Amino acid sequence: WLIRVPRVAVAVFVGAGLATAGVIMQALFRNPLAEPSLVGAGPGSVLGAVIAFVAGWTVHSVISLPIAAIIGALLALFLVYAMATRGGVTPVATLLLAGIAVGTLLTAISSLLLSLHIVDWQIAQEIVFWMMGGLDSRTWTHFWICAPFVLLGLASAMIQSRDLDLLQQGEETAASLGLDIEASKRLLTLTAALLTGAAVAVAGMLAFVGLVVPHAVRLILGPSNKRLLPASALAGAAFLILCDLAARTIHPPTEIRLGVVTALCGGPIFIFLLWRRSWESER
């Protein structure tokens, strides 16, 4: 109850949050290869967590790390939106470029802080392990930090499922059907950033969960976001539980970092999906 159950519970909400954020990003950018960190939320979370490690906040309070990560994600999103918006309009292409630029810059700052503190082995090890992702030593405290934000994000995404369907048809079509494009994009990106920040805050960086899971579910269920959002959340939760199980049992007694396992599992799956799509298009 104190060790295994909270770890699985955190895995459920982290997997669901990342997969849902991936659905939103793929619909918003109209690209099945989009993933949650495109608007800078992931790198922002990492930088917030690295600052918490370097400043020593994690020694005094267990909640300082996830809180710093969530704040970092939201600040990164604010910076990206400020760069991409002109005259109250935020073109999706500009938002994408701004997200990539800010994400690269924040990742570089995180690496700089790590390199400056590499001589302090304990801090450097904590940062590296956290950046590689993992659910070891997660408690009910981490669950209660993550769960409310993920539930709020899931509810917001479901409410906006019709907006996502319209945006997938193109902004001109969506506007002609009465959708407030800019307001919808702001709320959708904020929802994705909230989900990503909450997930990264308690689990670190986990590659491919928000990319592979929505893409695979979309191939099975089609593009309707009303079905895709809950199905992706459930699939993301199941995928992360299985990956965490593998991380704990593949090489006992050493635990492989969860981010490594998700990349090793998600990478080949994604390559297969791309190959299958290319093969079907050629036929």
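Computed from a predicted model, the values in this text were never measured in an experiment. (Residues numbered from 1 in each chain as written. Predicted model: local features only at pLDDT ≥ 70, side-chain atom pairs only at ≥ 80, totals over all residues. Heavy atoms only, no water.)

Now for helix α5 (residues 92–116). Between its first and last C-alpha atoms α5 spans 36 Å; for 25 residues at 1.5 Å apiece the expected length is 36 Å, and the two agree. Residues V92, L95, A98, G99, V102, G103, L106, S110 and L114 constitute the buried set of α5. For α5, the elements touching its buried residues are α1 (4–28), α2 (41–55), α4 (64–84), α6 (121–131), α9 (171–176) and α10 (181–203). (Helix = DSSP H or I, 4+ residues; strand = E, 2+ residues; numbered from the N terminus. Expected span 1.5 Å × (residues − 1). Buried < 20%, exposed > 50% of the residue type's maximum accessible area, 1.4 Å probe, protein only. Contact = heavy atoms within 4.5 Å.)

Attention now moves to the environment of L38. Along the polypeptide, L38 turns up in the loop between α1 and α2. Other than its neighbours up to four places away in sequence, L38 contacts F29, L96, G99 and I100.

Applying the stated criterion to the full structure yields 5 aromatic pairs. With a centroid separation of 5.1 Å and an interplanar angle of 45°, the aromatic rings of W1 and W140 are classed as tilted. Taken together, the residues span a long stretch of sequence, with W1 in the segment before α1 and W140 in helix α7 (residues 140–159) at a distance of 139 residues. For the ring pair F13 and F143, a centre distance of 5.3 Å and an interplane angle of 75° mean the geometry is edge-to-face. Highlighted residues: F13 in helix α1 and F143 in helix α7, separated in sequence by 130 residues. Residue F13 is classed as buried on the basis of its relative accessible area of 17%. By way of ring pairs, the aromatic residues W1, F13, W140, F143 and W144 are connected into one cluster. (Phe/Tyr/Trp six-rings, centres within 6.5 Å; stacked < 30°, edge-to-face > 60°.)

This part covers the pattern of salt bridges. In total, this model carries 6 salt bridges according to the counting rule given. Close ionic contact of D244 with R7 constitutes a salt bridge, the shortest N to O distance being 2.8 Å. Taken together, the positions of D244 in helix α12 (residues 225–249) and R7 in helix α1 put the pair 237 residues apart, joining distant regions of the chain. Assessed through its relative accessible area of 3%, D244 is described here as buried. Judged by its relative accessible area of 9%, R7 falls in the buried class. (Salt bridge = Lys/Arg side-chain N within 4 Å of Asp/Glu carboxyl O.)

What follows concerns unusual backbone geometry. The peptide bond linking P252 to P253 adopts the cis configuration, its omega dihedral lying at 0°. With respect to the helices, strands and loops of the structure, P253 is situated in the loop between α12 and α13 (258–282). The residue F208 is not glycine, and still its phi comes out positive at about 75°. Tracing the chain through its elements places F208 in the loop between α10 and α11 (209–221). For F208, a relative accessible area of 28% corresponds to the partly exposed category.

Examined against the element boundaries, I271 turns out to sit in helix α13. Residue classification places I271 among the exposed residues on the basis of a relative accessible area of 56%. Sequence separation of I271 and L79 is 192 residues, and the distance between their C-alpha atoms is 33 Å.

Residues V14, I24, M25, F29 and L206 are the most contacted members of the largest nonpolar core, which totals 64 residues. Here this core takes 13 residues from α1, the largest share from any one element. Sequence-distant contacts of F29, defined by excluding residues within four places in its chain, comprise A34, L38, V39, V92, L95 and L96. If you look at the next biggest cluster of nonpolar residues, it comprises 16 residues, including A69, I70, L114 and A124. (Core = buried A, V, L, I, M, F, W, Y, C linked by side-chain atoms within 4.5 Å.)

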